[in-house]
Amino acid sequence: MVEAVLIDLFSLPANLENIQGLLCNTLQTIEKCSSIPAPFVYVICRQRQGSERKSEHESLLPALGDFQSLKKRLEVVCALTTAAALYTIKQHLDEKDISIIKIILPTLRKDLMKVYIDHLFTAVYQFEFEDLQVASDCKNLQTAEPRSEEQTLPTQDVELIRSEIQMYLESLPSLKGELTILRSSLIPDDIFLHGFTTRTGGISYIPTLSSCNLFSSSKRRDPQVVVKENLRRLANAAGFNPEAFHRVKVDHASAVYVMGKTEPDSYDGIVTNQKGVTIAAPGADCIPVLFADPVRKACGAAHSGWKGTLLGISMATVNAMVSEYGCNMKDILVVLGPSVGPCCYKLPHESAKEFHRIDPKCVRLFDSASPYIDIRRATRILLESGGILPENIQDDSVTDQDQNVTFCTACHPDKFYSNFRDGTNFGTQIGFISIKD
């Protein structure tokens, strides 16, 4: 069932004599054919340079006034660009948790509109398209036209749309405060650029993703273009090149990618000795772990959830640095970033047994059905057992809390994302590191 209808008048000239009649006929069809309650209806039109949005809206009022059943669910969005109009409507849709949308538009706009949709929306949303005319029958508000994956626009037109979207997103203000980066005192900043992100300073507006979300997927409402803009802002603040940025492809296992060799389909660790290349690992309860060897000038990043911790992803990353770059165990520095703490994190008893085997202190209330787990302590124990010096590991056990970067993500909703706390539509922060030129 269609939850919202978008009527695209953006390309129609403002002086078109019958634009109000065209809109009137379309609204009549929607009103007549809709179930109760009626869908939300959005009308987009071009805001002329120098004009006010109010005057644009008022020019359509005569066509809108007669539709009482739609009145509270009808909105006109005027904007300078299609990107701005669609992004504004996306915010309204997300506010109402709407995902099934019909777009009524001029036939010539369909292929162009699909490019905007592909960039600004994810697979969470379902779109169907109808030509802008009086519909001949009512069932078209009930059935969906399959979304075509074919791209018929010339490449240069697609690039113009991408550029328009990028420019618009770059113009948006940062949300929830300034972009903040946590840095470790253990990693020497004359050799390495590094940090752990928090959730502030980006443009993601959905509550659980707001605001500096750094991961997009088909199951979440933040599109890749928004994540890319958040990354651009992070790169500007931190001082790295976003075009030379490589993030691990999470599999919750122990594979490690050595940059310069064949890249695996998935991996939770990554190492490099290339200068100016930034590598990163995500975390939203799982631990983003950073590795630095100031002697051999090599670095690594790993994503360590409970499965990866048990599979030894941290030592696998260390071993890759040793075997590939000749690093010495005693020179490697390891920092554990923000992650869910033993105060909040629970696992089923069967999984808890594995952590109990590493050290009974990794488990609290062991006899319960869901004991509390300390994946950070387990990570430290495995690293020390593998040869990393205890003083070369920084985690939440530091005496001086001013030096702590291993905050509990679940305990600090204002600072960090948490899958454990927020559910499936959670945001993601990262730990990143690079070797300075």
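Our subject is the structure listed above.
Presented here is an overview of the structure given in this document. Computed from a predicted model, the values in this text were never measured in an experiment.

1. Here's the deal with the pairing of strand 14 (residues 333–336)
The two faces of strand 14 match: Leu-333 and Val-335 on one face and Val-334 and Leu-336 on the other face are all buried. In this sheet, strand 14 lies alongside strand 12 (residues 287–293) in antiparallel orientation, the contact comprising four bridges. Within strand 14, the residue paired with Val-289 across the bridge is Leu-336. Relative to strand 17 (residues 393–394), strand 14 is paired through two bridges, and the arrangement is parallel.

2. Details of helix 1 (residues 19–33)
The terminal C-alpha atoms of helix 1, which comprises 15 residues, lie 21 Å apart, in line with the 21 Å expected from a rise of 1.5 Å per residue. For helix 1, the full list of buried residues reads Ile-19, Leu-23, Cys-24, Thr-26, Leu-27, Thr-29, Ile-30 and Cys-33.

3. As for the sheet that holds strand 4 (residues 100–105)
Strand order in the open sheet made by the five strands is 3-2-1-4-5, with parallel pairing throughout. Of all the strands in the sheet, just strand 3 (74–79) and strand 5 (126–131) have a single pairing partner and so form its edges. For this sheet the average axis-to-axis angle between neighbouring strands, irrespective of direction, equals 20°. Relative to strand 3, strand 2 (residues 40–46) is paired through six bridges, and the arrangement is parallel. Residue pairing in the sheet places Ile-44 in a bridge with Val-77 of strand 3. Relative to strand 1 (residues 4–8), helix 1 is tilted by about 165°, and along the sheet it contacts strand 1, strand 2, strand 3 and strand 4. Sheet strands touched by helix 5 (residues 110–120): strand 1, strand 4 and strand 5. Its angle to strand 5, the strand with the most contacts, is close to 165°.

4. A word on unusual backbone geometry
Residue Ser-211 is reached from Ser-210 by a cis peptide bond, and omega for that bond is 0°. By the secondary structure assignment, Ser-211 is in the loop between strand 7 (192–197) and helix 7 (224–238). Phi is positive for Lys-297, which is not a glycine, with a value near 55°. Looking at the secondary structure, you find Lys-297 in the loop between strand 12 and strand 13 (298–304). Unusually for a residue other than glycine, Leu-365 sits at a positive phi of about 60°.

5. Regarding the pattern of salt bridges
For side chains of opposite charge, pairing can occur when their charged atoms come near one another. Applying the stated criterion across every chain, the model contains 20 salt bridges. Notably, a salt bridge pairs Glu-130 with Lys-102, separated by 3.3 Å at the nearest N-O pair. Within this pair, whereas Glu-130 is found in strand 5, its partner Lys-102 is found in strand 4, the two being separated by 28 residues in sequence. Of the two residues, Glu-130 and Lys-102, neither departs from the other in class, the shared state being buried. Put simply, Asp-374 and Arg-377 hold a salt bridge, and the shortest N to O gap is 3.9 Å. Of the residues examined, Asp-374 reaches a relative accessible area of 11% and is grouped as buried.

6. Examining the side chain of Gln-429
Here Gln-429 lies in strand 18 (residues 429–435). Gln-429 sits in the buried class, given a relative accessible area of 1%. Looking at Gln-429, its side chain comes within polar contact range of the main-chain nitrogen of Tyr-417, at 2.8 Å. Setting aside residues no more than four positions away along its own chain, Gln-429 makes contact with Thr-197, Ala-281, Pro-282, Gly-283, Ala-284, Thr-409, Phe-416 and Tyr-417.

7. As for the nonpolar core
Within the largest apolar cluster, 41 residues are counted, with the highest numbers of intra-cluster contacts made by Tyr-87, Ile-101, Ile-103 and Leu-169. The element that contributes the greatest number of residues to this core is helix 4 (residues 82–95), accounting for seven residues. Split by domain, the residues of this core number at least three in each of domain 1 (4–134 + 157–171) and domain 2 (181–435). Setting aside its immediate chain neighbours within four residues, Leu-169 contacts Tyr-87, Ile-203, Val-225, Val-226, Glu-229 and Arg-233. Phe-291, Met-315, Met-321 and Leu-383 belong to the second largest nonpolar core, which has 34 residues in total.

Rules used in this analysis
- Per-chain numbering applies: the sequence of each chain, read as written, is numbered from 1 onward.
- In view of the model being predicted, local features appear only for residues whose pLDDT reaches at least 70, and side-chain atom pairs are presented and counted only at 80 or more, with totals across whole chains, interfaces and linings using the full set of residues.
- Water and hydrogen atoms play no part in the side-chain values, which are based on all heavy atoms of the structure.
- For the exposure calls, accessible area comes from a 1.4 Å probe over protein chains only, and a residue counts as buried if that area is under 20% of its type's maximum, exposed if over 50%, partly exposed in between.
- Strands are runs of DSSP state E lasting at least two residues, helices are runs of H or I lasting at least four, and both sets are numbered from the N terminus onward.
- Any two strands with at least two DSSP bridges between them are considered paired.
- By definition here, a helix of n residues has an expected span of 1.5 Å times n minus one.
- Axis definition: a line fitted to C-alpha atoms, over the contacting stretch in the case of helices. Angles run 0 to 180 degrees between N-to-C directions.
- By the convention used here, residues are in contact when the closest approach between their heavy atoms is within 4.5 Å.
- Salt bridge, as applied in this entry: a Lys or Arg side-chain nitrogen positioned within 4 Å of an Asp or Glu carboxyl oxygen.
- Between N or O atoms, a polar contact is any pair within 3.5 Å; within protein, one atom must be a potential hydrogen donor and the other a potential acceptor, and residues adjacent in sequence are included only when both atoms are from side chains.
- Here, the term nonpolar core denotes a set of buried Ala, Val, Leu, Ile, Met, Phe, Trp, Tyr and Cys residues that are joined through side-chain atoms within 4.5 Å.
- The domain boundaries here were taken from an automatic or database domain assignment.

None of the figures reported here should be taken as evidence of function without further support.
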